[in-house]
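Next come the chains, spelled out residue by residue.
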Amino acid sequence: MERPRSVHHHIIPYFCLASSSMLFWRTFFLVLLFTTTTHALVKLPENTTVPAVIVFGDSIVDAGNNDDMITEARCDYAPYGIDFDGGVATGRFSNGKVPGDILAEELGIKPNIPAYRDPNLKPEDLLTGVTFASGGAGYVPLTTKLAGGISLPQQLKYFEEYIARLKAMVGEERTQFIIKNSLFVVVCGSNDIANDFFALPPVQLHYTVDSFTALMADNARSFAQTLYGYGARRILVFGAPPIGCVPSQRTVAGGPTRDCVAKFNDASKLFNSKLSANIDALSTTLQDPTIIYIDIYSPLLDLILSPQQYGFKVGDKGCCGTGLIEVTALCNNYTAAVCPIRSDYVFWDSFHPTEKAYRIIVAKLFDKYFDRFF
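Report on the accompanying structure. Nothing here was measured: the structure is a model prediction, and the numbers come from that model.

**Re the pattern of salt bridges**
Under the defined criterion, the tally for this structure stands at 15 salt bridges. Of the charged contacts in the structure, one is a salt bridge between Arg258 and Asp316, with a shortest N-O distance of 3.9 Å. With a gap of 58 residues between them, Arg258 in the loop between helix H9 (247-253) and helix H10 (262-286) and Asp316 in strand S7 (residues 314-318) connect regions that are remote in the sequence. Classification of Asp316 as partly exposed rests on a relative accessible area of 28%. Between Glu355 and Arg359 there is a salt bridge, and its shortest N-O distance comes to 2.9 Å. Remark: Arg359 and Glu355 occur in helix H12 (residues 355-373); sequence separation between them is 4 residues, near one turn of the helix. For Arg359, a relative accessible area of 26% translates into the label partly exposed.

**Observations concerning H12**
An ideal rise of 1.5 Å per residue puts 27 Å on 19 residues; H12 reaches only 23 Å between its terminal C-alpha atoms. Within the span of H12, buried status applies to Glu355, Ala357, Tyr358, Ile360, Ile361, Val362, Leu365, Phe366, Tyr369, Phe370 and Phe373. For H12, the elements touching its buried residues are helix H2 (99-106), strand S5 (235-238), strand S6 (291-294), helix H11 (297-305) and strand S8 (345-347).

**Quick notes on the pairing of S6**
Both faces of S6 are covered, namely the face carrying Ile291 and Tyr293 and the face carrying Ile292 and Ile294. Where S5 meets S6, 4 bridges bridge the pair, whose relative direction is parallel. When the sheet's bridge partners are listed, Ile235 is paired in S6 with Ile291.

**Looking at the sheet that holds S5**
Overall, parallel pairing links the 4 strands, which are arranged S3-S4-S5-S6 in an open sheet. The sheet is open, and its two borders are formed by strand S3 (53-57) and S6, each paired with just one other strand. Put simply, the sheet's adjacent strands are angled 20° from each other on average, direction ignored. In this structure, strand S4 (residues 183-187) lies alongside S5, joined through 4 bridges in parallel fashion. Following the sheet pairing, Val185 is matched in S5 by Leu236. Packing against the sheet, H10 makes contact with S5 and S6, and its axis sits at approximately 170° to S6. Sitting on the sheet, H12 touches S5 and S6, and the angle it makes with S6 is about 165°.

**Some words on the packing of aromatic side chains**
For the coordinates displayed, the defined rule picks out 22 aromatic pairs. Considering the side-chain rings of Tyr139 and Phe271, the 6.1 Å spacing of their centres and the 45° angle between planes classify their relative orientation as tilted. A residue pair is termed long-range when its members are at least 10 positions apart, and Tyr139 in the loop between helix H3 (125-128) and helix H4 (141-147) and Phe271 in helix H10 qualify at 132 residues. By relative accessible area, which is 0% here, Phe271 ends up buried. Judged by centre distance (6.1 Å) and plane angle (50°), the ring pair of Phe366 and Phe370 falls under tilted. Here Phe370 and Phe366 lie together in helix H12, a separation of 4 residues that amounts to about one turn. As far as the burial class goes, Phe366 and Phe370 line up, both buried. Here a set of aromatic residues connected by ring pairs shows up, and it is made of Phe56, Tyr116, Phe132, Tyr158, Phe159, Tyr162, Phe184, Phe223 and Tyr230. Sitting over the ring of Tyr228, Arg233 keeps its end group 3.6 Å from the ring centre. The ring of Phe312 carries the charged tip of Lys356 above its face, separated from the ring centre by 4.4 Å.

Rules and cut-offs
Position numbers for residues start from 1 in each chain and track the written sequence from start to end. Confidence filtering applies because this is a predicted model: local features only for residues at pLDDT of at least 70, side-chain atom pairs given and counted only at 80 or more, and all residues used for totals across whole chains, interfaces and linings. Note that water and hydrogens are dropped before the side-chain values are worked out from all heavy atoms of the structure. The term salt bridge refers to a side-chain nitrogen of Lys or Arg lying within 4 Å of a carboxyl oxygen of Asp or Glu. Helix numbers and strand numbers start at the N terminus; a helix is a DSSP run of H or I with at least 4 residues, a strand a run of E with at least 2. When a residue's accessible area, from a 1.4 Å probe over protein chains only, is under 20% of the maximum for its type it is buried; when over 50% it is exposed; and in between it is partly exposed. The span one expects for a helix is its residue count, reduced by one, times 1.5 Å. Residue contacts follow a heavy-atom distance rule, with two residues in contact if any of their heavy atoms lie within 4.5 Å. Two strands pair if DSSP finds at least two bridges between them. Simply put, an axis is a line fit to the C-alpha atoms, just over the touching stretch for a helix, and the angle between two N-to-C directions goes from 0 to 180 degrees. Here is the rule: rings of Phe, Tyr and Trp (six-membered ring for Trp) pair when centre to centre is within 6.5 Å. Planes less than 30 degrees apart are stacked, more than 60 are edge-to-face, and the remainder are tilted. Two conditions define a charge located above a ring, namely a distance within 6 Å from the ring centre to NZ of Lys or CZ of Arg, and an angle within 35 degrees of the ring normal.

What follows is the structure, encoded as structure tokens:
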């Protein structure tokens, strides 16, 4: 990979609008054309364009879609966002940027991917990508209901609305171009395993680990196929992390020494094997190699087990509060002190990594999958 270069995003408008509004839109796009400049950290192949990053999933890639909802799965308050632009708590479940932001930044598209439901969302942001992700979401419908987040089917409904808004702005042809060439990111599954299957004994009466992870993987495949049906052609479906090694799960189920919880990690690995097979089969069926399963388990586990190799000091606790259990409402400015050096920690709270950890993981993913992305 070559670094850096300057990328100018040339937006070619298709004016299917009434003549009275043509001047406004022509001015709008000219301003956008000459002011949208970011610095890419990866060099795309010649004649390759990635106009936007479009994101679905859970709290790992939520940027504030839950902010106006009655749910525990929201974090639009300090100290969340302490290292984000201006130190503002936007609803991102971290101290700073989350993976969608970093992917867009690396590709030179824009600095951050905003939440689609952000009331301050600018029309031009639709052209370069948004996130529909919601904290608490899962592949299994019950998972999202428990958390009070936005389900994946509802995220797709918002995406349909997004497509209609794009068409109204730039026309059918340009909209199809954006959808076809954008990077679609799906990050989900952690909540299903940690907050549904292992948290609810009644669920375990109806499912085994094998049948539950099969349900998750089948729903994930259906979701990816639906995106393909909308015209998406660069679809990255992320697997589950080593959920048994995140601080909160170690505290709750790791015993006195807070070990990684083997049965949780085994469930993640079982889901990942099924998901990988499903996505590979879908890619083969559709004869499209750019629907890709992304292994997140291995790179995150490496950071957790060998933090010093990556410049961290702590891999088994979060930065917020004691680092043992604080997440969302328990991570606040009143009852939870924040570690002074966030870059020492793999985890921000007891469930979500720091921006530094995300940056390292995204860099690893580009190194491993870049040639397949594009």
